[in-house]
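# Remarks on the overall topology
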Amino acid sequence: AQSVSQHNHHVILSEAASLELGCNYSYGGTVNLFWYVQYPGQHLQLLLKYFSGDPLVKGIKGFEAEFIKSKFSFNLRKPSVQWSDTAEYFCAVNPNTGTASKLTFGTGTRLQVTL
Amino acid sequence: GAVVSQHPSRVICKSGTSVKIECRSLDFQATTMFWYRQFPKQSLMLMATSNEGSKATYEQGVEKDKFLINHASLTLSTLTVTSAHPEDSSFYICSAMTGTSFTDTQYFGPGTRLTVL
């Protein structure tokens, strides 16, 4: 079974600082990779996703993630965070089987951006 | 964009009673819906996959007789927690997909906070 690890549980950054959140997965086959964000009091929203092709994926709100197959990693980055980026971030993976399949989520990283 | 709603957003019930949670796709038809459970400060754990018109597929360790799932239409799936106990208290989240391809996005509902006294 696949698993997802997010090593940073709580990250505190000042506005304009750069962000990198780690995500590693464990699965032997081809996977699809996702980053979701959950703002306080809101539902999960998709930030970006990777299925194939260019391993550097750009998402909404200036976020990007890089898939490094050899490291089983899909780290999320943003060059300059804003206070409004304060949220919980979840990495998720599902096997690339061609059809819809279940997502396995990491434990999440709480990002707190201070002014 | 695709919107998924859940009702109720919050419910408190007595131990031994049953609680029904609805998940609706408001502006699209959802062939597949998923039900997750989220404990405080933990990740979402998939409970079951619900396909319209067929029986739900439950994850290992999830009691299908306790967590009844009905996906009667392309816009509605329900989760009924039967004979709820305090350990069932949790945050239940549903998601819905517009299609059956792995390229289709899962859209999440806002969640339902269940508290069993």
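Structural data are supplied above this passage.
Residues numbered from 1 in each chain as written. Chains lettered and ligands numbered in written order. Predicted model: local features only at pLDDT ≥ 70, side-chain atom pairs only at ≥ 80, totals over all residues. Heavy atoms only, no water.

Along the backbone of chain B there are zero helices and 11 strands. Its helices and strands in sequence order give chain B the pattern β-β-β-β-β-β-β-β-β-β-β, from N to C terminus. Radius of gyration (C-alpha) of chain B: 13 Å, near the 13 Å computed for a compact globule of 117 residues. In terms of principal-axis extent, the alpha carbons of chain B reach across some 40 × 25 × 25 Å. With 117 residues in all, chain B has 50% of them scored as buried. Just so you have it, chain B exposes about 5700 Å², and 52% of that area is on carbon and sulfur atoms. Placing the 10 positive and 9 negative side-chain charges of chain B at their respective mean positions leaves the two points 8 Å apart. (Helix = DSSP H or I, 4+ residues; strand = E, 2+ residues; numbered from the N terminus. Rg over C-alpha atoms; globule rule 2.2 N^0.38 Å. Buried < 20%, exposed > 50% of the residue type's maximum accessible area, 1.4 Å probe, protein only. Areas by Shrake-Rupley, 256 points an atom, 1.4 Å probe, with all protein chains shown as cover. Lys, Arg positive; Asp, Glu negative; His and termini not counted. Charge placed at Lys NZ, Arg CZ, Asp CG, Glu CD.)

With a probe scaled to a water molecule rolled over the atoms, the places where space remains empty come into view. Taken as a whole and assessed by the stated rule, the structure comprises one cavity of 30 Å³ or more. In terms of lining residues, the largest cavity is bounded by Phe34(A), Tyr36(A), Asn94(A), Leu103(A), Met97(B), Phe102(B), Asp104(B), Thr105(B) and Gln106(B). Per-class residue counts for the lining of the largest cavity are five nonpolar, three polar and one charged. (1 Å grid on protein atoms, 1.4 Å probe; cavity = no way out; pocket = protein on both sides within 12 Å on 5 of 7 lines; lining within 4 Å. Points joined across faces, edges and corners; volume = space filled by probe spheres on them. Nonpolar A, V, L, I, M, F, W, Y, C, P; charged D, E, K, R; others polar.)

This brings us to the layout of surface pockets. In this structure, the largest pocket occupies an estimated 660 Å³ of space. Together, 25 residues line the largest pocket, and Gln38(A), Glu88(A), Arg110(A), Gln38(B) and Lys41(B) are the ones closest to its centre. Of the residues contributing to the lining of the largest pocket, the split by class is nine nonpolar, 12 polar and four charged. Considering only enclosed or pocket space, the second largest pocket measures out at about 500 Å³ in volume.

All names here are of chain A. If you look at the biggest cluster of nonpolar residues, it comprises 28 residues, and the most contacted ones within it are Leu33, Trp35, Leu47, Leu48, Phe74, Leu76 and Tyr89. Broken down by secondary-structure element, the contributors of at least two residues to this core are strand E2 (10-14), strand E3 (19-21), strand E5 (31-38), strand E6 (45-50), strand E8 (64-68), strand E9 (73-78), strand E10 (87-95) and strand E12 (109-114). Excluding residues that lie within four positions of it along the chain, Leu47 makes contacts with Trp35, Tyr36, Val37, Gly59, Ile60, Phe63, Leu76 and Tyr89. (Core = buried A, V, L, I, M, F, W, Y, C linked by side-chain atoms within 4.5 Å. Contact = heavy atoms within 4.5 Å.)

So yeah, pure geometry; function would need other evidence.
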